[in-house]
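If you want the building blocks of each chain, they are given just below.
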Amino acid sequence: MLNITKAIENDNAVFSLEGRLDTITAPQLEEAIKSAVSDLSRLTLDFEKLEYISSAGLRVLLMAQKRMGQQGEMKVVHVSDTIQEIFEVTGFSDILTIE
Amino acid sequence: MKKEKLRGSIILQVAILFALGVLVTGLLTYFTQQELSGQSVKRQTELYASQISDEVERSVTEYPAWEWLFHYWYTHADAMDIDYDEEFTADSMTAGKCRLLSQRHPNLSLEYARAEELEQLPEEDQKLYAEITYSWLITRLNEIKQACHVDFLFCVVTEEPYDTQFFLFSAADPGAVRGTEYEEVYPLGHVVTVGESQQNAMRSARENHSYLTDAGNYMDYYASFCEINGHTVLIGMTYNLTDLRASMTAQSRTNTVFAILNQIGLSLICLTLIFMFVLHPLKAVQENIRLYRDTKDSREITKNLALVRPHNEIGQLSEDVTDLAREIDSYLSRIETITAERERVNIELNMATQIQNSMLPNVFPPFPDQGEFDIYATMDPAREVGGDFYDFFLIDEDHLCMVMADVSGKGIPAALFMMASKIILSSNAKMGKSPAQVLTDTNNAICANNPQEMFVTVWMGILELSTGKLTAANAGHEYPVVKHPGEPYQLLKDKHGLVIGGMEGIHYKDYELQLQPGTKLFLYTDGVPEATDAENRLFGTDRMLEALNRSPDADPVEVLGNVRKSVDAFVLEAEQFDDLTMMCIQYHGREKG
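Everything quoted here is computed from the prediction, not taken from an experiment. (Residues numbered from 1 in each chain as written. Chains lettered and ligands numbered in written order. Predicted model: local features only at pLDDT ≥ 70, side-chain atom pairs only at ≥ 80, totals over all residues.)

Caption draft 1: How the structure looks around the overall build of chain B. Helix and strand content of chain B: 13 helices and 16 strands. For chain B, the proportion of its 593 residues judged to be buried stands at 32%. The contacts of chain B with a sequence gap of at least 6 include a subset with a gap of at least 24, amounting to 66%. (Helix = DSSP H or I, 4+ residues; strand = E, 2+ residues; numbered from the N terminus. Buried ≥ 20, exposed ≤ 12 C-beta atoms within 10 Å, placed from the backbone. Contact = placed C-beta atoms within 7 Å.)

In C-alpha cells:
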C-alpha cells in the first residue's frame with residue numbers, strides 16, 4: 001500500500017509518501033513523477049511516513065534523480081533511520097540530496 | 001442428464017389466484033346484490049306507501065265536513081251503529097239511512113254538506129249522517145287496500161306518549177272478520193296499546209310527516225294526516241315482504257352464479273392464452289438452456305431457438321439465450337487459447353529457471369583439490385527466475401573470486417539483467433583486475449546501454465588463498481558478515497559505492513581484510529534481512545546475526561540451513577516476496593591443505 005499526496009505549485013512540487021515503496025507500489029510513484037516531472041524545477045520527496053523502500057523503489061528514485069538533475073534539483077526529506085541505512089548501504093546517500 | 005426438481009407450475013399458481021378471485025367476486029356480487037335489492041325494496045315501498053296515504057287523504061278530504069266528521073267519529077265511537085263492508089245496493093242499510101235523511105232534510109246534500117249545516121241538524125240526524133259517510137269511506141278504503149295489496153291499511157288517533165292507538169277506521173278484504181281479536185280487522189273505537197318501536201315510529205311520523213320501519217319481512221309505514229283537538233291522526237300501512245324478499249334473494253343468487261360463471265370462463269381463456277403464449281415457448285427456451293448446459297453446443301440450440309420467436313419478451317429471451325450461448329462458446333475458446341498460451345509461457349519459464357540455475361556454480365564441493373576453503377551457496381528465487389545471483393571461480397591457482405549480487409526488481413526482466421551483469425563481472429574479474437576496478441568497468445559498461453534504468457548491487461571479493469588476504473569492493477550491496485575464530489558473527493561495515501547501473505563514471509574503492517584459518521564469511525542479498533512476516537515486520541540483520549551466532553561452529557552448509565530455517569520460522573505463512581540468496585565461505589589456510 002502506498003499513498004502519494006501531491007502538492008504542486010508552479011514548478012515546485014512536494015510528494016508525500018505514506019506506506020511501502022516496493023515492487024508492487026513503485027510503478028505508482030514512477031507514474032506520478034513521470035507525469036509531473038517535465039514542468040518541475042524543484043521536486044521534494046517527503047519520506048516522513050514511508051515505512052520501507054525496496055530496490056524497485058530505489059530504481060524510481062534513481063530515475064527521478066537523473067531527470068531532475070538535468071532540469072533543477074531534487075531532494076528527499078524526513079528520511080527515517082531505517083531508510084537512511086538503506087540509502088547508505090546502496091550508495092544512494094552519495095547521489096541523493098537528503099535533508 | 002440431471003433430473004430437474006419441479007418447482008411448481010405457473011399455470012397452477014395463476015389458476016389458484018383466479019380461483020381466489022372468483023371466490024371473492026362471487027361473495028362481493030352476492031352481498032352487493034342483497035344490499036342493493038334491500039335498499040331498493042325500502043325505497044319503492046316508501047314511495048308506494050306515500051302514494052297510498054295521499055289517496056286515502058284525498059278520499060277523506062272530499063267531504064267538506066271531514067274534520068267535523070273525524071271529531072264526531074272519535075267522540076261518538078261507542079254510540080255509532082255502523083254497517084261495515086257493505087255492498088251498496090238499494091236495499092242496503094246505508095241506502096235506507098240515506099233515504100231517511102233526505103226525507104227529513106231535502107235541502108241537505110249528503111256528499112257536500114258543510115260542518116255548519118250539520119251543526120243545525122238534530123242529534124239523531126247528525127248520527128245518521130256520520131254513519132252514512134263512515135260506511136262510504138270504509139268501502140272506499142277497502143277498495144284502495146285491495147287495489148294496492150297492502151296487508152293492513154288503517155287510520156288511528158294517538159297522542160303523547162304515543163302508547164295507544166285509537167282505531168278510526170281499518171280497511172278489510174272481502175270476507176274478513178271484524179273484531180278485536182288477533183288477526184281480525186279492528187272496528188271503530190278499538191284501542192290497542194303498542195310497544196316501544198311502534199311508539200317511536202308514530203312519534204317520528206308526527207315529527208317528520210312520515211316514517212318507515214323495516215322489521216325484516218314486515219314494513220310499517222305511518223304518515224301524519226291531521227290534528228283534531230290536540231290528538232294526532234295517522235294513516236298506517238303494513239306490508240308483508242316475505243315473498244318479495246324471497247324472490248329478491250333468488251335473483252341475487254342467480255346473478256351471483258352468472259357472475260361466477262363469467263369469471264370462470266374468463267379465467268379459462270386467460271389460462272389458455274398464458275399456456276399458449278408464455279408457458280409453451282418458455283418451456284422450449286428452458287429445454288434448450290438445459291440442452292446447452294449438457295452439450296455446450298451453441299449451434300444446436302441456435303437452430304432450435306430460431307423457431308421460438310414470438311413478438312414479445314419471450315422472443316427476446318430466446319434471442320438473448322442464443323446470444324449468451326454464442327458468447328460463452330467464444331469465451332470458452334478464448335480461455336482455451338489463453339490457457340495454451342500460459343502453458344507455453346510456463347514451459348519457457350521452466351527452461352529459463354533451469355538455464356539460470358545452470359549458470360550459477362551449483363556443484364558442491366566445487367574444487368575438490370583445493371583444501372584451503374569450504375564454500376556453499378544457494379539461490380531461491382521468489383518467482384520462477386530471479387534477479388539475485390552469486391558466483392565464485394578461481395582466477396588463478398591462488399585467487400578465488402566471489403560475487404554476491406542483487407538486481408533491482410524481480411522476474412524475467414531482473415533475470416535478463418542478471419545474466420548480463422554476471423557475464424560482464426566475471427569476464428572483467430578474469431582479466432586480473434582488482435574488485436574495485438572490475439566494478440568500475442562493469443558499471444561503465446552497463447550504464448552505456450541501460451534505457452530501463454535497472455541497477456544491480458554487487459559485492460565482490462578476491463581471496464588470496466595462500467595468505468588469506470581478502471580484497472573486496474562493495475557497490476551498494478548489503479554488509480557482509482564476518483566471523484573470526486573466537487569471535488561472534490558480526491556485520492562488516494565496509495565502504496559502499498553506488499549501485500552498478502545507477503550513474504556512469506563512479507569510482508569504487510577496494511578494501512582489505514585478513515582472514516585467519518577458521519574465519520567464516522557470510523554473504524546474502526536483501527531477501528534475508530527484508531523477509532517479511534504477515535504483519536509486515538522485517539526479519540532484519542539483528543535476527544540474522546542471532547541465528548548465525550546460535551551455532552558458531554556450523555560449517556557453510558549448516559550455516560545456510562540455519563539461516564533459512566530461522567527466516568522460515570519468522571515468515572511462517574506469508575508469501576516469499578523477494579529472492580533469497582546466501583553464500584558462506586570458511587577459510588582454512590594453506591597449511592591444512
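Caption draft 2: Quick peek at the overall build of chain A. Across its full length, chain A carries 4 helices and 5 strands. When the helices and strands of chain A are placed in sequence order, the string is β-β-α-β-α-β-α-α-β. Taking all contacts inside chain A whose residues are at least 6 apart in sequence as the whole, residues at least 24 apart take part in 70%.

Caption draft 3: Examining the interface of chain B and chain A more closely. Residue-level contacts link 18 residues of chain B with 14 residues of chain A. Its residues assigned to classes, the side of chain B that touches chain A comprises 7 nonpolar, 7 polar and 4 charged. (Nonpolar A, V, L, I, M, F, W, Y, C, P; charged D, E, K, R; others polar.)

Caption draft 4: Structural context of the sheet that holds strand β3 (residues 42-53) of chain A. Residues and elements named next belong to chain A. On the basis of which strands lie adjacent, the open sheet formed by 5 strands has the order β1-β2-β3-β4-β5 and mixed pairing. Two strands bound the open sheet, and with one partner strand each, they are β1 (2-9) and β5 (97-98). Contacting β1 and β2 (12-21), helix α1 (residues 26-37) crosses the sheet at an angle of about 10° to β1. (Pairing = 2+ DSSP bridges. Axes fitted to C-alpha atoms, helices over the stretch in contact; angles between N-to-C directions.)

Caption draft 5: View of the nonpolar core. All names here are of chain B. Counting residues in hydrophobic clusters, the biggest one holds 95 residues, and the most contacted among them are Val-403, Val-458 and Met-460. The contact partners of Met-460, leaving out residues within four places of it in the chain, are Cys-401, Val-403, Leu-425, Pro-435, Val-438, Leu-439, Ala-472 and Ala-473. In this structure, Val-60, Leu-137, Ile-138 and Tyr-221 belong to the second largest nonpolar core, which totals 53 residues. (Core = buried A, V, L, I, M, F, W, Y, C linked by C-beta atoms within 7 Å.)

Caption draft 6: Molecular detail of the environment of Phe-167 of chain B. All names here are of chain B. Here Phe-167 shows up in strand β2 (residues 164-170). Residue classification places Phe-167 among the buried positions, given that 20 C-beta atoms sit within 10 Å. Distance in space between the C-alpha atoms of Phe-167 and Gly-189 is 5.3 Å, their sequence separation being 22 residues. Setting aside residues no more than four positions away along its own chain, Phe-167 makes contact with Phe-154, Val-156, Tyr-186, Leu-188, Gly-189 and His-190.

Caption draft 7: Seen up close, the sheet that holds strand β6 (residues 231-240) of chain B. Residue and element names in this part refer to chain B. The strand order across the open sheet built from 6 strands is β3-β2-β1-β6-β5-β4, with neighbouring strands paired in antiparallel fashion. Because the sheet does not close on itself, it has two edges, and the strands there are β3 (191-193) and β4 (210-215). On average, adjacent strands in this sheet sit at an angle of 30° to one another, irrespective of strand direction. Bridging between strand β1 (residues 152-158) and β2 involves 4 bridges; their strand directions are antiparallel. Across the sheet, residue Phe-154 finds its bridge partner in β2, namely Ser-170.

Caption draft 8: Structural detail: the packing of α1 of chain A against helix α2 (residues 55-71) of chain A. Residue and element names in this part refer to chain A. Two elements in contact, α1 and α2, have axes whose closest approach is 9 Å; the angle formed by their N-to-C orientations is 10°. Between α1 and α2, the angle falls in the class roughly parallel. Mapping the contact onto sequence places Ala-26, Leu-29, Glu-30, Ile-33 and Val-37 in α1 and Ala-56, Gly-57, Arg-59, Val-60, Met-63, Ala-64, Arg-67 and Met-68 in α2. Residue classes in the contact of α1 with α2 are distributed as 9 nonpolar, 1 polar and 3 charged. (Parallel < 35°, antiparallel > 145°, perpendicular 65-115°, else oblique.)

Caption draft 9: Summary view of the packing of helix α1 (residues 10-61) of chain B against helix α5 (residues 123-148) of chain B. Residue and element names in this part refer to chain B. For the pair α1 and α5, the least separation of the axes is 10 Å and the interaxial angle reads 160°. In terms of orientation, α1 and α5 fall into the roughly antiparallel class. In the packing of α1 onto α5, the handedness of the crossing is right-handed. Contact with α1, carried on its side by Ile-52, Glu-55, Val-56, Ser-59 and Val-60, involves Leu-137, Arg-140, Leu-141, Ile-144 and Cys-148 of α5 and no other residues of that element. (Left-handed = near helix turned anticlockwise from the far one by under 90°.)

Caption draft 10: Local environment of the confidence of the model for chain B. Averaged over every residue, the pLDDT of chain B is 88; residues scoring 70 or more account for 98%. Note on the complex model: pTM 0.57, ipTM 0.81. (pLDDT = per-residue confidence, 0-100.)

Caption draft 11: Main features of unusual backbone geometry. Residue and element names in this part refer to chain B. Cis rather than trans, the peptide bond between Glu-160 and Pro-161 has omega equal to 0°. Positionally, Pro-161 belongs in the loop between β1 and β2. The amide bond that connects Phe-364 to the next residue, Pro-365, takes the cis arrangement and shows omega of -5°. With a phi angle near 75°, His-209 is a residue other than glycine that sits in the positive phi range. Turning to its location among the elements, His-209 is positioned in the loop between α6 (196-208) and β4.

Caption draft 12: How the structure looks around the pairing of strand β15 (residues 520-524) of chain B. Residues and elements named next belong to chain B. By the criterion of burial, β15 is predominantly enclosed, with 5 of the 5 residues buried. Here β15 shows a buried face lined by Lys-520, Phe-522 and Tyr-524 and a second buried face lined by Leu-521 and Leu-523. Two strands pair when backbone bridges link them, and strand β12 (residues 481-483) and β15 are joined in this way by 3 bridges, in the antiparallel orientation. Looking across to β15, one finds that Val-482 is bridged to Leu-521.

Caption draft 13: Examining the environment of Glu-512 of chain B more closely. All names here are of chain B. Looking at the element boundaries, Glu-512 is found in strand β14 (residues 511-514). The exposed category is assigned to Glu-512, around which 10 C-beta atoms lie within 10 Å. Those residues in contact with Glu-512 that sit more than four places away from it in its chain are Lys-469, Leu-470 and Thr-471.

Caption draft 14: Molecular detail of helix α13 (residues 556-571) of chain B. Residue and element names in this part refer to chain B. In this model, α13 (16 residues) spans 23 Å end to end at C-alpha, consistent with the 22 Å of a helix rising 1.5 Å per residue. Of all the positions in α13, only Pro-556, Val-559, Leu-560, Val-563 and Val-567 are classed as buried. On an axial view of α13, the arc spanned by its buried residues comes to 95°, and they lie on one face. The exposed set on the far side of α13, more than 90 degrees from its buried face, consists of Lys-565, Asp-568 and Ala-569. Residues of α13 that are buried sit in contact with β7 (373-380), β15, α12 (540-550) and β16 (580-587). (Expected span 1.5 Å × (residues − 1). Arc of directions from axis to C-beta.)

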